[in-house]
Amino acid sequence: MLASCLDFRTFPHTRQDSLDVGVDTGFGGLTLGSLRELQGLKGPELCERIRDSYGSVERLCIQLASSPQKGLSGDSEDLNDRRREFGSNYVEPNKPKGVHRFLWEAFKDLTLIILTVAAIVSLGLSFYHPPKTSANGDGTY
């Protein structure tokens, strides 16, 4: 998503370049909350927020000590620092749905509702026995 806000041809910085020009390459006040907020945005809103909060995508990458072309450096010390600062890159799996929840969601289907109503009507009619009447009216045939 950041790529849409960035022209890669005009981005000369790498992590080493930013160190050479004296730019602070620490995480510089970035918090997990601010990164999650960016993660929730898309398209023009994301580009606008990055420009307003960080100046440019280039500045955000420098602040994260990352390169938009190469990503993270990959050395274990850097990764441990990031893990300590931002937490591990783990998404909690969704809780599995119970059988009753699955059945309730399935029952919301119109076809299944029609078939269930038809089954109830059919079951009700199977217990109904009309009274026998004779042609003579006296109960004999």
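Remember, it's a predicted structure, so these values are computed and weren't measured experimentally.

Draft legend 1. Expanded view of the overall build of the protein. Of regular secondary structure, the protein possesses 7 helices and 0 strands. Taking all 141 residues of the protein together, the buried fraction comes to 20%. Within the protein, counting contacts between residues at least 6 apart in sequence, those at least 24 apart form 63% of the total. A total of about 11,100 Å² of accessible surface is found on the protein, and carbon and sulfur atoms cover 58% of it.

Draft legend 2. Representation of unusual backbone geometry within the structure. A positive phi angle is found at Ala65, which is not glycine, with a value near 55°. Here Ala65 shows up in the loop between helix 4 (57-63) and helix 5 (76-86).

Draft legend 3. Local environment of the nonpolar core. Judged by nonpolar contacts, Leu30, Leu38, Leu41, Leu46, Ile50, Tyr54, Val57, Leu60, Cys61, Leu64 and Phe86 together constitute the single largest core of 11 residues. Counting only elements with at least two residues in this core, the list comes to helix 3 (43-54) and helix 4.

Draft legend 4. Here's a closer look at the pattern of salt bridges. Scanning the model with the defined rule gives 5 salt bridges in all. Note that Arg82 and Asp78 form a salt bridge whose closest N and O atoms lie 3.2 Å from each other. A residue pair is termed a helical-turn pair when its members lie 3 or 4 positions apart in one helix, as Arg82 and Asp78 do in helix 5 at 4 residues. When the shortest N-O distance is used, the salt bridge between Glu105 and Arg101 registers 3.1 Å. Remark: Arg101 and Glu105 occur in helix 6 (residues 99-107); sequence separation between them is 4 residues, near one turn of the helix. Judged by relative accessible area, Glu105 falls into the partly exposed class, the value being 31%. The network of salt bridges with common partners includes Lys97, Arg101 and Glu105.

Draft legend 5. Fine view of the confidence of the model for the protein. Per-residue confidence for the protein gives a mean pLDDT of 76, with 73% of residues at or over 70. Mean pLDDT across the elements of the protein bottoms out in helix 1 (residues 15-20) (36) and peaks in helix 7 (residues 110-127) (94). For the stretch residues 7-26, pLDDT sits under 50, and the model shows 29 contacts to residues farther than four places along the chain or on other chains.

Draft legend 6. Representation of the environment of Phe107. Along the chain, Phe107 falls in helix 6. You can call Phe107 partly exposed: its relative accessible area is 33%.

Draft legend 7. Molecular detail of the packing of helix 2 (residues 32-40) against helix 3. Running from N to C, helix 2 and helix 3 cross one another at 150°; their axes reach a closest spacing of 9 Å. Accordingly, the angle class assigned to the pair helix 2 and helix 3 is roughly antiparallel. The segment helix 2 lies against helix 3, with Ser34, Glu37 and Leu38 engaging Leu46, Arg49, Ile50 and Tyr54. In terms of residue class, the contact of helix 2 with helix 3 is made up of 4 nonpolar, 1 polar and 2 charged.

Draft legend 8. The arrangement of the side chain of Ser56 in detail. The topology assignment puts Ser56 in the loop between helix 3 and helix 4. At 3.2 Å, the side chain of Ser56 forms a polar contact with the backbone nitrogen of Arg59. Ignoring sequence-local partners within four residues, the contact set of Ser56 consists of Ile50 and Arg51.

Reading guide: rules and limits
Counting of residues starts from 1 at the beginning of each chain's written sequence and follows it residue by residue. For this predicted model, a pLDDT threshold of at least 70 governs which residues receive local features, and a threshold of 80 or more governs which side-chain atom pairs are given and counted, while totals over whole chains, interfaces and linings are taken from all residues. Hydrogens and waters are ignored; side-chain quantities use all the structure's heavy atoms. Secondary structure follows DSSP: runs of H or I at least 4 residues long count as helices, runs of E at least 2 residues long count as strands, and numbering of each begins at the N terminus. Residue exposure (1.4 Å probe, protein chains only): buried if accessible area is under 20% of the type maximum, exposed if over 50%, otherwise partly exposed. Residue contacts are counted whenever heavy atoms from the two residues lie within 4.5 Å of one another. Accessible areas in this description were obtained via Shrake-Rupley with a 1.4 Å probe; residue shielding takes into account the shown protein chains only. Within this scheme, the nonpolar core is defined by two criteria: the residues are buried Ala, Val, Leu, Ile, Met, Phe, Trp, Tyr or Cys, and they are joined through side-chain atoms within 4.5 Å. Any Lys or Arg side-chain nitrogen located within 4 Å of an Asp or Glu carboxyl oxygen qualifies as a salt bridge. The predictor rates its confidence in each residue with pLDDT, a number between 0 and 100. Between N-to-C directions, angles cover 0 to 180 degrees, with each direction set by a line fitted to C-alpha atoms, over the stretch in contact for helices. Angles are sorted into four bins: roughly parallel if under 35 degrees, roughly antiparallel if over 145, roughly perpendicular if 65 to 115, and oblique for all others. Any residue that is not Ala, Val, Leu, Ile, Met, Phe, Trp, Tyr, Cys, Pro, Asp, Glu, Lys or Arg is counted as polar, Gly included; the first ten are nonpolar and the last four charged. N or O atoms closer than or at 3.5 Å make up a polar contact, with two conditions inside protein: a donor-capable atom paired with an acceptor-capable one, and, for residues adjacent in sequence, both atoms drawn from side chains.

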